[in-house]
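# Structural features, examined
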Amino acid sequence: MEASKRATATLIAESLGLESVVGWAPSLPSLGVGFVEAFEPPPDATKPLLSWLSLLSISTAGIAAASAGIPEPTQDQVQLTAWSGPLTDVPHLITRLSVVHAADESNESLRLMMDFRPRLDAGYQDDPEPTSRAAFVKAGVRRDYDTAFFTPETRQWRETMLASCHDHGAVENAVPSAKVFSRVGSGKGDWSVCHGPLYLDVTMPHTETSLRTCLTACQDATDRWQTWVKAANTDTDDASSWMNSRLIYDRDNQVRAELFSNAVGEYGELLYGDADADKGRVIALADAGRLDMIGHNDIGRGEGDYY
């Protein structure tokens, strides 16, 4: 599981000319919970297709149990996250595969999560029939995304993968509620969810065949995303306009900030039974990448009081 995703991350980095971030997250190994391998464009890259790529591997074995003094379920998790650059419309990618071990070692389960995160608010959670100017703008973005990325064939691939997981006894988990406030084109803006229309999150019994299905799903998702990235060209007239790139950049920052904030609590609770644990913040920071530009761009904040 870990070896497969590590090889994938290396191949992506090599194909897109990314450099390994040497010495990134130096405090993470001391926690004894795993590691992060991070990649980013070289300093002289002027139009990078990717802004950040990270491979996170963590294990809860012995941590929560040792602190509580009682047997607890443990979990091994490997996650690949890719943040596309603001000069393209290519969705961000995340694939996560977890093995959850029962406290009494009686059984194991697999949890698979995959998502292609849209760059702008395309109104996928809205009424499909637009009734306002803002809704018509979102519908236009949605049409573009459905033509380029979330095509009928891609949606069918997702349904086929979900059916394969159901064959292994998979149960679908709740759809995330994380939202950010942003706008598309002119206008005041609106709240929109961070996840995309192909979001998938399921839990199933851990067997050799179910693991193979999950690994195949992660690889297929990554291959599909790489096809989109390699087809993107920031040097042609088809590249995003200046304003569109600014809006994408702004929403990217907000999405990354929101998901980072959520991850702090998730990792704190997962590893230490405390959503406010500082160690959870260390792990979330290591995986999130450089967040120094968040808050720099004022476009798309509505009343300006989101942060």
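Residues numbered from 1 in each chain as written. Predicted model: local features only at pLDDT ≥ 70, side-chain atom pairs only at ≥ 80, totals over all residues. Heavy atoms only, no water.

Let us now look at helix α1 (residues 2–15). Given a rise of 1.5 Å per residue, 14 residues ought to cover 20 Å, and the 20 Å separating the end C-alpha atoms of α1 matches this to within 8%. Every buried residue of α1 is listed here: K5, T8, A9, I12 and A13. End-on, the buried residues of α1 take up no more than an arc of 130°, which puts them together on one face. Along α1, the residues that are exposed and aim more than 90 degrees away from the buried face are A3, L11 and E14. (Helix = DSSP H or I, 4+ residues; strand = E, 2+ residues; numbered from the N terminus. Expected span 1.5 Å × (residues − 1). Buried < 20%, exposed > 50% of the residue type's maximum accessible area, 1.4 Å probe, protein only. Arc of directions from axis to C-beta.)

Here we take up the packing of α1 against helix α6 (residues 208–231). Running from amino to carboxyl end, α1 crosses α6 at an angle of 5°, the nearest separation of the two axes being 11 Å. Our classification of the angle between α1 and α6 gives roughly parallel. Of the residues in α6, those touching α1 at S4, K5, T8, I12 and S15 are L215, C218, Q219, T222, W225, Q226 and K230. Grouping the constituent residues of the contact of α1 with α6 by class yields four nonpolar, six polar and two charged. (Axes fitted to C-alpha atoms, helices over the stretch in contact; angles between N-to-C directions. Parallel < 35°, antiparallel > 145°, perpendicular 65-115°, else oblique. Contact = heavy atoms within 4.5 Å. Nonpolar A, V, L, I, M, F, W, Y, C, P; charged D, E, K, R; others polar.)

Moving on to the environment of D121. Within the secondary structure, D121 sits in the loop between β6 (108–117) and α4 (133–148). Using a relative accessible area of 2% as the deciding quantity, one classes D121 as buried. Each C-alpha atom of the pair D121 and S192 lies 6.0 Å from the other, and the pair is 71 residues apart in sequence. Among the polar contacts made by the side chain of D121, one reaches the main-chain amide nitrogen of G123 at a distance of 2.9 Å. Within the structure, the side chain of D121 is placed 3.2 Å from the side chain of K138, a separation counted as a polar contact. (Polar contact = N/O pair within 3.5 Å; in protein donor to acceptor, adjacent residues only side chain to side chain.)

A separate point is α6. An α-helix turns once every 3.6 residues. As a result, residues three or four positions apart point the same way. The terminal C-alpha atoms of α6, which comprises 24 residues, lie 35 Å apart, in line with the 34 Å expected from a rise of 1.5 Å per residue. All buried positions along α6 are accounted for by S210, T213, C214, A217, C218, A221, T222, R224, W225, Q226, W228 and V229.

Our next topic: the pattern of salt bridges. Within the structure shown, the criterion is met by nine salt bridges. Ionic pairing is found between R212 and E208, a salt bridge with its closest N-O pair at 3.1 Å. Separated by four residues within a single helix, R212 and E208 lie in helix α6, roughly one turn from each other. Residue class for E208 comes out exposed when judged on its relative accessible area of 62%. (Salt bridge = Lys/Arg side-chain N within 4 Å of Asp/Glu carboxyl O.)

With respect to burial, strand β4 (residues 74–84) is a largely interior element, ten of its eleven residues being buried. In this structure, strand β3 (residues 50–59) lies alongside β4, joined through nine bridges in antiparallel fashion. Following the sheet pairing, S57 is matched in β4 by V78. Here β4 runs beside strand β5 (residues 92–101); their pairing, made up of nine bridges, is antiparallel. Paired with T81 across the strands is I94, a residue of β5. (Pairing = 2+ DSSP bridges.)

This part is about the packing of aromatic side chains. Applying the stated rule across the entire model yields eight aromatic pairs. Among the aromatic residues, ring-to-ring pairing joins F116, Y124, Y145, F149, F150, W157 and W228 into one connected group. (Phe/Tyr/Trp six-rings, centres within 6.5 Å; stacked < 30°, edge-to-face > 60°.)

To continue, consider the nonpolar core. Ranked by internal contacts, the top residues of the largest apolar core, which has 44 residues, are L53, L112, F116, V202 and W225. With seven residues, the single largest contributor to this core is α6. The next biggest cluster of nonpolar side chains, apart from the first, holds 15 residues, and it includes L28, I58, V264 and I283. (Core = buried A, V, L, I, M, F, W, Y, C linked by side-chain atoms within 4.5 Å.)

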